[in-house]
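For reference, the chains in residue letters:
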Amino acid sequence: QLGRAKSLSYLKRHDEAITVLDELLAFDPRNNPGEKYYWRAWNRLQMGQSQAAYEDAMAGLNAMRNDAIYRLAGIASFNLNRPGESRKYFEEALQMNSADCDSARYLGLLDAAELSWKPATGRFAAAVSCYETLIVRMQAELAEFEKDITGLSNGLIAGKRAEIKDADALRI
């Protein structure tokens, strides 16, 4: 069922994904709760529900610790105008994964909001470089998917193209 929720998430069927995740959390709360809260928070962020996403991210942090959940907590707290808290989460995400482009970009936004221009410039430059590296990697993955003549990778191809487009938009 968690795989179904992830698929629905990638298909931008956020309400349906949240319903599946609600059921999973209600009926099987002990099995991988961090992932379930992460994906519910991710979907809620996509729908602009920052407070609910924040609450799920905090619950997720109680169950697991990785760069993705810290980044998500950072984005939710950033959206709720909690700059000190969001900075802490983004810095933790970057400590765990120095190739976290989004956390670097958000830290640049926080620095700019504080009129700390030199650190902001450095963060934005690092984020641009990070996104460029990410795009090259995703283009290589896309090329591998496109070699599949069976058509089984069509969904992966479409998803990878969308990811590349999103990363390219953030790079500029």
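Just so it is clear, the structure is predicted and the values come from calculations on it, not from any experiment.

Quick word on the overall build of the chain
And then number 1: Counting secondary structure elements, the chain contains nine helices and zero strands.
And then number 2: Each helix and strand of the chain, placed in order from N terminus to C terminus, yields the pattern α-α-α-α-α-α-α-α-α.
And then number 3: Against the 2.2 N^0.38 benchmark of 16 Å for 172 residues, the chain shows a C-alpha radius of gyration of 17 Å, consistent with a compact globule.
And then number 4: Buried residues in the chain amount to 41% of all 172 residues.
And then number 5: Put simply, 47% of the contacts in the chain that link residues at least 6 apart link residues at least 24 apart.
And then number 6: With 22 positive and 24 negative side-chain charges, the chain shows a separation of 1 Å between the mean positions of the two kinds.

Examining the pattern of salt bridges
And then number 1: Taken as a whole and assessed by the stated rule, the structure comprises 17 salt bridges.
And then number 2: Across the pair arginine 40 and aspartate 56 runs a salt bridge, and its minimum N-O distance is 2.7 Å. Here the residue arginine 40 occupies a position in helix 3 (residues 33–46), and aspartate 56 occupies one in helix 4 (residues 50–63), the gap between them amounting to 16 residues. Note on accessibility: arginine 40 and aspartate 56 belong to one class, buried.
And then number 3: The closest approach of N and O atoms between arginine 71 and aspartate 67, which form a salt bridge, is 3.7 Å. Pair noted here: arginine 71 and aspartate 67 are both in helix 5 (residues 67–79), with a separation of four residues, about one helical turn. Side by side, arginine 71 and aspartate 67 carry an identical accessibility label, which is buried.
And then number 4: Sharing partners across several salt bridges, the network here consists of Asp22, Arg40, Arg44 and Asp56.

Notes on the confidence of the model for the chain
Detail in the predicted coordinates should be disregarded across regions flagged by low pLDDT.
And then number 1: Per-residue pLDDT for the chain has a mean of 93; in total, 99% of the residues score no lower than 70.
And then number 2: Mean pLDDT across the elements of the chain bottoms out in helix 9 (residues 154–171) (82) and peaks in helix 6 (residues 83–96) (98).

Quick word on the state of the cysteines
And then number 1: A complete count under the given rule lists one disulfide for this structure.
And then number 2: Cysteine 101 shares a disulfide with cysteine 130; S-S distance 2.0 Å. Across the disulfide from cysteine 101 to cysteine 130, rotation about the S-S bond amounts to roughly -80 degrees, and the bridge is consequently left-handed. Highlighted residues: cysteine 101 in helix 7 (residues 101–113) and cysteine 130 in helix 8 (residues 117–146), separated in sequence by 29 residues. The same class applies to cysteine 101 as to cysteine 130, namely buried.

Quick notes on the environment of arginine 171
And then number 1: Relative to the helices and strands, arginine 171 is located in helix 9.
And then number 2: For the pair arginine 171 and aspartate 102, spaced 69 residues apart in the sequence, the C-alpha separation amounts to 10 Å.
And then number 3: Those residues within four positions of arginine 171 in sequence are excluded, and the remaining contacts are Val128, Tyr131, Glu132 and Ile135.

Criteria and cut-off values
Residues numbered from 1 in each chain as written. Predicted model: local features only at pLDDT ≥ 70, side-chain atom pairs only at ≥ 80, totals over all residues. Heavy atoms only, no water. Helix = DSSP H or I, 4+ residues; strand = E, 2+ residues; numbered from the N terminus. Rg over C-alpha atoms; globule rule 2.2 N^0.38 Å. Buried < 20%, exposed > 50% of the residue type's maximum accessible area, 1.4 Å probe, protein only. Contact = heavy atoms within 4.5 Å. Lys, Arg positive; Asp, Glu negative; His and termini not counted. Charge placed at Lys NZ, Arg CZ, Asp CG, Glu CD. Salt bridge = Lys/Arg side-chain N within 4 Å of Asp/Glu carboxyl O. pLDDT = per-residue confidence, 0-100. Disulfide = S-S within 2.5 Å.

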